[in-house]
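So the chains spell out like this:
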Amino acid sequence: MEPIQENPDLSAYLAADEVIDHHHPRVRETAARLARDAEDSYAYAALAFAYVRDAVSHSHDAGDPRVTWRASDVLARGTGVCHAKAHALTALLRAEDIPTGLCYQRLAHDDGGGHVVHGLVAVRFGGAWHRQDPRGNKPGVDARFSLDGERLAFVPDREAGECDYPGLYAAPHPAVIGALRSAPDRARLWGTLPTAL
């Protein structure tokens, strides 16, 4: 699926804000450390993806009750749900001038009790957007960085009411960031994350 830019100005996908705070020293230090081992932008993007996917735990998988949402806090605390990890990866990529946007899927809960909006990113290389999912791997989930076909954590099942949203956002969707900011812990976050966009 080719994401559709919600903002036609490509520079919006390089901007910093309160959530994608790539000007923060923690983000800059992490980006500089990863960039030392990268020969080009593609290699850097792959390293940043692997770092967020593997070194930042998915708080649900790890049983961590903390809720993070600002990119620098995600990197400092080393944990976050899918949305927080997408914010961290977006900040790391934008820190190295790689246009990156946020995109979303609607997925069924693992327990079958309704739906939830899942967050991922898209990077721009070769004049096209390529979706990536830094959620973190676990049994049954094997997401990989790829510019040659998607290797996402989840493929939506339309019969189960799941879908890919085509919008590519320069900033986090207000419903998502509102839920993250207001949740006192991860258990209560599950009840406030949007079920659809």
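See above for the structure.
Report follows, based on the coordinates. (Residues numbered from 1 in each chain as written. Predicted model: local features only at pLDDT ≥ 70, side-chain atom pairs only at ≥ 80, totals over all residues. Heavy atoms only, no water.)

Some words on the state of the cysteines
Point 1. Scanning all chains against the criterion turns up 0 disulfides.
Point 2. Between Cys 163, a free cysteine, and Cys 103, which holds the nearest cysteine sulfur, the sulfur-to-sulfur gap is 12 Å. (Disulfide = S-S within 2.5 Å.)

Quick notes on the sheet that holds strand E4 (residues 100-108)
Point 1. One open sheet holds the 4 strands; their spatial order is E6-E5-E4-E7, and the pairing between them is antiparallel. Where the open sheet ends on each side, the last strands, each with one partner, are strand E6 (128-132) and strand E7 (163-164).
Point 2. Where E4 lies against E7, 2 bridges are found, and the strand directions are antiparallel. Within E7, the position partnered with Arg 106 by the bridge is Cys 163. (Pairing = 2+ DSSP bridges. Helix = DSSP H or I, 4+ residues; strand = E, 2+ residues; numbered from the N terminus.)

Quick word on helix H5 (residues 82-95)
Point 1. Between its terminal C-alpha atoms H5 stretches 20 Å, which fits the 20 Å expected from 14 residues at 1.5 Å a residue.
Point 2. Burial within H5 is extensive, with 14 of its 14 residues counted as buried.
Point 3. Two residues or fewer past H5, Asp 97 is found with a positive phi of approximately 60°. (Expected span 1.5 Å × (residues − 1). Buried < 20%, exposed > 50% of the residue type's maximum accessible area, 1.4 Å probe, protein only.)

Quick look at the nonpolar core
Point 1. Core analysis: the biggest nonpolar cluster contains 48 residues, and Tyr 44, Leu 92, Leu 93, Leu 180 and Leu 189 have the highest contact counts within it.
Point 2. Of all elements in the fold, only helix H1 (25-35), helix H2 (41-55), helix H4 (71-77), H5, E4, strand E5 (115-125) and helix H6 (174-182) reach the threshold of two or more residues within this core.
Point 3. The element that contributes the greatest number of residues to this core is H5, accounting for 8 residues.
Point 4. The contacts of Leu 93, once residues within four sequence positions are left out, are Tyr 44, Ala 45, Ala 48, Ile 98, Thr 100 and Val 123.
Point 5. Ranked by size, the runner-up nonpolar core spans 9 residues in total, among them Ala 12, Tyr 13, Cys 103 and Leu 120. (Core = buried A, V, L, I, M, F, W, Y, C linked by side-chain atoms within 4.5 Å. Contact = heavy atoms within 4.5 Å.)

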